[in-house]
Number of protein chains: 2
Amino acid sequence: MRSVIKLSPMGIASVVLTLAMTVAHATDPLPSWNDGEAKSAIIEFVQRITRKNSPDFVPEPERIAVFDNDGTLWAEQPLYFQLIFALDRVKALAPKHPEWKSKEPFASLLKGDVKTALAGGEHAALEIMRATHAGTTAAQFEKIVKTWIATARHPTAGQPYTNMVYQPMLEVLGHLRAHGFKTFIVSGGGVEFMRPWVNEVYGIPPEQVIGSSIKTKFEMQNGNPVLIRLPEINFIDDKAGKPVAINQHIGRRPIAAFGNSDGDLQMLQWTTAGEGPRLALYVHHTDGEREWAYDRKSKIGRLDKGLDEAQTKGWTVVDMKKDWKVIYQSKAQ
Amino acid sequence: MRSVIKLSPMGIASVVLTLAMTVAHATDPLPSWNDGEAKSAIIEFVQRITRKNSPDFVPEPERIAVFDNDGTLWAEQPLYFQLIFALDRVKALAPKHPEWKSKEPFASLLKGDVKTALAGGEHAALEIMRATHAGTTAAQFEKIVKTWIATARHPTAGQPYTNMVYQPMLEVLGHLRAHGFKTFIVSGGGVEFMRPWVNEVYGIPPEQVIGSSIKTKFEMQNGNPVLIRLPEINFIDDKAGKPVAINQHIGRRPIAAFGNSDGDLQMLQWTTAGEGPRLALYVHHTDGEREWAYDRKSKIGRLDKGLDEAQTKGWTVVDMKKDWKVIYQSKAQ
């Protein structure tokens, strides 16, 4: 017996629509990733925790993923981009500070000798921070950052810094959010340096950005309330500070954590110490041609203890050269 | 000419559905509020900022509302409930601290003389906080709070503390969230005292709870990472601290703020200093029969400067006695 199925025009439209949706569903959610262990680990983790009636199912409110920023979501060489911002601020503010010509670390900076300026270590860094990140209102600082991020260019790439975000990681952010995750940044960078642009660039709203901070003070100026940025450290969101900040700000343990350096180690330890399925992922900077190659001995973004622990614990390590088809988002290609 | 409209069964179903939806739409979103200025102010504010193509329209991500907790979402008399928790902890811990029998403020507390114990002012409060809020891991503290909140009873009401939340305010939280708002708690209370129960009681997830905090330290215990609660203040989220914490945690200015005391004044000032429509609301404790009546001279929840500023600025002031049909959520009636 031969069965004949007759389709009306509406019926045909419906079949076409169903086929189109099947194709869309089968579309690779991580198209910039080469097939391999890292890509599979991400996709399988998301499948595992979203499968209903599975013992590994995680309800949506608990789908918290945390991302380091420098070296994980955007590049960080030859210097952390926020440090380049600070150096640019020193140059911009110099006309108002004639005393800097003979005062370190500013004197060296103004001569373009960054190495000598930063040789002063923590004290030099603190002096630069005080001079460039404090003394304005929070609203004024936001404008300064917005202007810089829109106009500054990377010294060797010649690109806006926001072009130097990693396309494969943007796809991971999107894939997680499409499956009910809340994505947070947990960065050693300054929270008020990131918030003015990360919503547009990463789709991460200000209330999901955690970072280092200086103290601020509420006061009235001509009857108008303002927040003044003070030249005093409030919190350093790095290493053992990251789990502390996650607990302080989010109040629940993430189920997925993404980093690239030893500064992220405690965040990955804290994330994976919870019960149930966990994803811990290190981005390993292995591509000296398309980006920069560095790990155990780098001053910026050192990945040494973390690389050992990733091997011991079976965490996912992304080999940028092998695993990523492209590095930067398409605007920059 | 007479027009005849013929309705098919599907057509009738459609009309019925439309009518049902119209009725549902007309349902009072604040049924525990008597008609009056306060209720109108809330409803009209939400209508105003959600009306598309209006100059007052606020996009969903910017619909941030902040709520004080003690005296605004739940009761706070005869003592802040967290202080009662601390006193209960002193009793529970006393067998392990025989020295407390002759050491203030513990000696007086153990005799039930709260007044003498707290006469030591800030130093006494700090001693009680150190003894009852520190020295455990964050996870252990969470369990302690959960057990207390489930079993403790209010000294005069005889109710669980979570029954003493204000039904009219639960309706405001729900109405705002139904219109795309993110609701945050911004409380002088401890963030880790609130997080274990506010999600269930108010529908506010842990990452939207801002409060006072003590410092915590990340460390490894037998290869397992833990957060240890230290006997040291990290941040007091009260008065001028509230806008600082809002900026630190949320990173954008709320468009609506709800409080009940002078401790909330700066939060209301900060919220209303932004451009566009703003809602600032004070809950005024006027009902000595159904709750407690107190304002300008109260030690707990003093509302003095705030009441003056509310009149000057035209903020909404809720008269609990007049504006609220019921005080507590129905479980407690």
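The structure reproduced in this document is the subject of the present report. (Residues numbered from 1 in each chain as written. Chains lettered and ligands numbered in written order. Predicted model: local features only at pLDDT ≥ 70, side-chain atom pairs only at ≥ 80, totals over all residues. Heavy atoms only, no water.)

Overview of helix α8 (residues 167-178) of chain A
Each turn of an α-helix holds 3.6 residues, which means side chains three or four residues apart point in the same direction.
Residues and elements named next belong to chain A.
So, step 1. Here α8 is twelve residues long and its end C-alpha atoms lie 16 Å apart, about the 16 Å a rise of 1.5 Å per residue gives.
So, step 2. Among the twelve residues in α8, nine count as buried, and that is most of the element.
So, step 3. Of all the residues in α8, the buried ones are Q167, P168, M169, L170, E171, V172, L173, H175 and L176.
So, step 4. Just past α8, the residue G180 takes up positive phi, approximately 85 degrees. (Helix = DSSP H or I, 4+ residues; strand = E, 2+ residues; numbered from the N terminus. Expected span 1.5 Å × (residues − 1). Buried < 20%, exposed > 50% of the residue type's maximum accessible area, 1.4 Å probe, protein only.)

A closer look at the relation of the copies chain B and chain A
So, step 1. Laying chain B over chain A is done by rotating through 180 degrees and shifting 0.0 Å along the axis; what remains is an RMSD of 0.0 Å. The transformation just described matches what one would write down for a two-fold rotation axis. Judged by C-alpha distance, H249 of chain B is the residue of chain B that lies nearest the rotation axis, at 3.5 Å.
So, step 2. Same-surface contact between copies: 100% of interface residues of chain B are shared with the interface of chain A. (Least-squares fit on C-alpha atoms with pLDDT ≥ 70 in both. Contact = heavy atoms within 4.5 Å.)

Focus on the sheet that holds strand β2 (residues 182-190) of chain B
So, step 1. Pairing within the open sheet is mixed, and its seven strands lie in the order β4-β3-β2-β1-β5-β6-β7 (chain B). Looking at the sheet topology across the chains shown, the edges are occupied by β4 (224-235) and β7 (316-319) of chain B. The mean angle between the axes of side-by-side strands here comes to 30 degrees, regardless of whether they run parallel or antiparallel.
So, step 2. Here strand β1 (residues 64-67) of chain B pairs with strand β5 (residues 256-259) of chain B via three bridges, running parallel. When the sheet's bridge partners are listed, V66 of chain B is paired in β5 of chain B with A257 of chain B.
So, step 3. Along the sheet, helix α10 (residues 241-249) of chain A contacts β3 (209-221) and β4 of chain B; its crossing angle with β3 of chain B, the most-contacted strand, is approximately 150 degrees.
So, step 4. Each of β1, β2, β5 and β6 (279-284) of chain B is contacted by helix α8 (residues 167-178) of chain B, which is oriented at about 165 degrees to β1 of chain B, the strand it contacts most. (Pairing = 2+ DSSP bridges. Axes fitted to C-alpha atoms, helices over the stretch in contact; angles between N-to-C directions.)

With respect to the packing of aromatic side chains
So, step 1. Scanning all chains against the criterion turns up 32 aromatic pairs over all chains.
So, step 2. We note R229 of chain A situated over the ring of F141 of chain A; from NZ or CZ to the ring centre the distance is 3.8 Å. (Phe/Tyr/Trp six-rings, centres within 6.5 Å; stacked < 30°, edge-to-face > 60°. Lys NZ or Arg CZ within 6 Å of the ring centre and 35° of its normal.)

A few points about empty space enclosed by the protein
So, step 1. Summed over the entire model, instances satisfying the criterion amount to one cavity of 30 Å³ or more.
So, step 2. As a volume, the largest cavity reaches approximately 40 Å³.
So, step 3. Where the lining of the largest cavity is concerned, the elements lending two or more residues are β2 (182-190) of chain A together with β2 of chain B.
So, step 4. Residues belonging to the lining of the largest cavity are distributed by class as follows: two nonpolar, two polar and four charged. (1 Å grid on protein atoms, 1.4 Å probe; cavity = no way out; pocket = protein on both sides within 12 Å on 5 of 7 lines; lining within 4 Å. Points joined across faces, edges and corners; volume = space filled by probe spheres on them. Nonpolar A, V, L, I, M, F, W, Y, C, P; charged D, E, K, R; others polar.)

Here we look at the interface of chain B and chain A
So, step 1. Every contact between the two is made by 34 residues of chain B and, on the other side, 34 residues of chain A.
So, step 2. When chain B packs against chain A, the two sides together hide about 2700 Å² of surface, and 54% of this comes from carbon and sulfur.
So, step 3. When the buried surface of chain B facing chain A is broken down by residue, E207, F218 and Q248 of chain B rank first, second and third, together holding 22% of it.
So, step 4. Along the contact surface separating chain B from chain A lie four salt bridges.
So, step 5. Taking the shortest distance from any N to any O, the salt bridge between E207 of chain A and R252 of chain B comes out at 3.1 Å.
So, step 6. The tally of links from chain B across to chain A stands at 18 residue pairs in polar contact (both at pLDDT 80 or more).
So, step 7. Split by residue class, the side of chain B that touches chain A holds 16 nonpolar, twelve polar and six charged. (Buried area = accessible area lost by both parts, 1.4 Å probe. Salt bridge = Lys/Arg side-chain N within 4 Å of Asp/Glu carboxyl O. Polar contact = N/O pair within 3.5 Å; in protein donor to acceptor, adjacent residues only side chain to side chain.)

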